[in-house]
Amino acid sequence: MTLNPHGFMLTLEKRAGFTDEDKALLKANAEWGVKVAPEMTDHFYAYLGRDEEMNAILHTGEERIHRLHETFIQWFQEMFTGIDDWGPAYADRRWKIGLVHVRIGIGPQHVVPAMATVIHEVGKQLQVEGQSEALKDALSRICMIDLAFIEQAYVEVSSAAVLQETGWTEGLFRRLIATGARSM
């Protein structure tokens, strides 16, 4: 169950409808992304900080929250540039981001609504500045792709841990999961 980030990225681009036009639009607005990244970072961490569990994870020290803010700003800006036109380097970086979320305990139940908050706030900012709805749509699509990497990291890490601890085959594991889902 080892994920190939590059293949996963291509699959997600197709599923999300992330087009060459979206990429061109994001690149054309990269300076705007740089400008609003700190504000979006504030919205993201303000949202997460209102949750008691997340607040404890985020505030294990002043250095951590500062690093997280810097990392978020970089992540936000990279959505506009694609690093390497949303190719292998972009996919590898998004996969590593997903693994970091797993490692520090920021689960999908936190990331999904926080990402929705970012998209909502971006939409408000775009509207205030008279920017196009197409830019919001493009940014929403790449956000969903990035979110899928984070969620998939949880699936991959959890599955690998179970397989390693139990010695089960992947086929057996998938059958057990399907059986369990049917019983719920």
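Everything in this summary refers to the structure shown in the same document. (Residues numbered from 1 in each chain as written. Predicted model: local features only at pLDDT ≥ 70, side-chain atom pairs only at ≥ 80, totals over all residues. Heavy atoms only, no water.)

For the chain, the count of helices and strands is nine helices and zero strands. Traced from its N-terminal end to its C-terminal end, the chain shows the element sequence α-α-α-α-α-α-α-α-α. The C-alpha radius of gyration computed for the chain amounts to 18 Å, which stays within 12% of the reference 16 Å derived for 184 residues, consistent with globular compactness. For the chain, the spread of C-alpha atoms along the principal axes amounts to about 55 × 40 × 30 Å. Expressed as a percentage of its 184 residues, the buried residues of the chain come to 42%. When contacts within the chain are restricted to residue pairs at least 6 apart in sequence, long-range pairs at least 24 apart make up 78% of them. Summed over its atoms, the accessible surface of the chain is roughly 10000 Å², and 56% of this surface lies on carbon and sulfur atoms. (Helix = DSSP H or I, 4+ residues; strand = E, 2+ residues; numbered from the N terminus. Rg over C-alpha atoms; globule rule 2.2 N^0.38 Å. Buried < 20%, exposed > 50% of the residue type's maximum accessible area, 1.4 Å probe, protein only. Contact = heavy atoms within 4.5 Å. Areas by Shrake-Rupley, 256 points an atom, 1.4 Å probe, with all protein chains shown as cover.)

A few words on helix α8 (residues 133-166). Counted at 1.5 Å a residue, the expected span for α8 with its 34 residues is 50 Å, and the 49 Å between its end C-alpha atoms agrees. Immediately downstream of α8, the backbone of Gly 167 shows phi near 80°, a positive value. (Expected span 1.5 Å × (residues − 1).)

Before going further, it helps to examine the environment of Trp 86. By the secondary structure assignment, Trp 86 is in the loop between α5 (62-85) and α6 (88-104). Measuring from C-alpha to C-alpha, the distance between Trp 86 and Met 9 comes to 8.1 Å, with 77 residues separating the pair along the chain. In this view, Trp 86 contacts Met 9, Glu 13, Phe 18, Lys 23, Leu 26, Lys 27, Glu 78, Met 79, Phe 80, Thr 81 and Ile 142; residues no more than four positions away in its chain are not counted. Reaching out from Trp 86, the side chain makes a polar contact with the backbone oxygen of Met 79 at a distance of 3.5 Å. (Polar contact = N/O pair within 3.5 Å; in protein donor to acceptor, adjacent residues only side chain to side chain.)

Moving on, we come to the packing of helix α7 (residues 108-128) against α8. Orientation of α7 relative to α8, taken along the N-to-C sense of each, is 170°, at an axis distance of 10 Å. As summarised for this structure, α7 and α8 are arranged roughly antiparallel, according to the angle between their axes. Along its contact with α7, which presents Pro 108, Val 111, Val 112, Met 115, Ile 119, Val 122, Gly 123 and Leu 126, the element α8 presents Leu 135, Lys 136, Leu 139, Ser 140, Cys 143, Met 144, Leu 147, Ile 150, Glu 151 and Tyr 154. Taken together, the residues of the contact of α7 with α8 break down into 14 nonpolar, two polar and two charged. (Axes fitted to C-alpha atoms, helices over the stretch in contact; angles between N-to-C directions. Parallel < 35°, antiparallel > 145°, perpendicular 65-115°, else oblique. Nonpolar A, V, L, I, M, F, W, Y, C, P; charged D, E, K, R; others polar.)

For His 110, the position within the fold is in helix α7. For His 110, a relative accessible area of 6% gives the class buried. If sequence neighbours within four positions are ignored, His 110 has contacts with Tyr 47, Leu 48, Asp 51, Glu 53 and Met 54.

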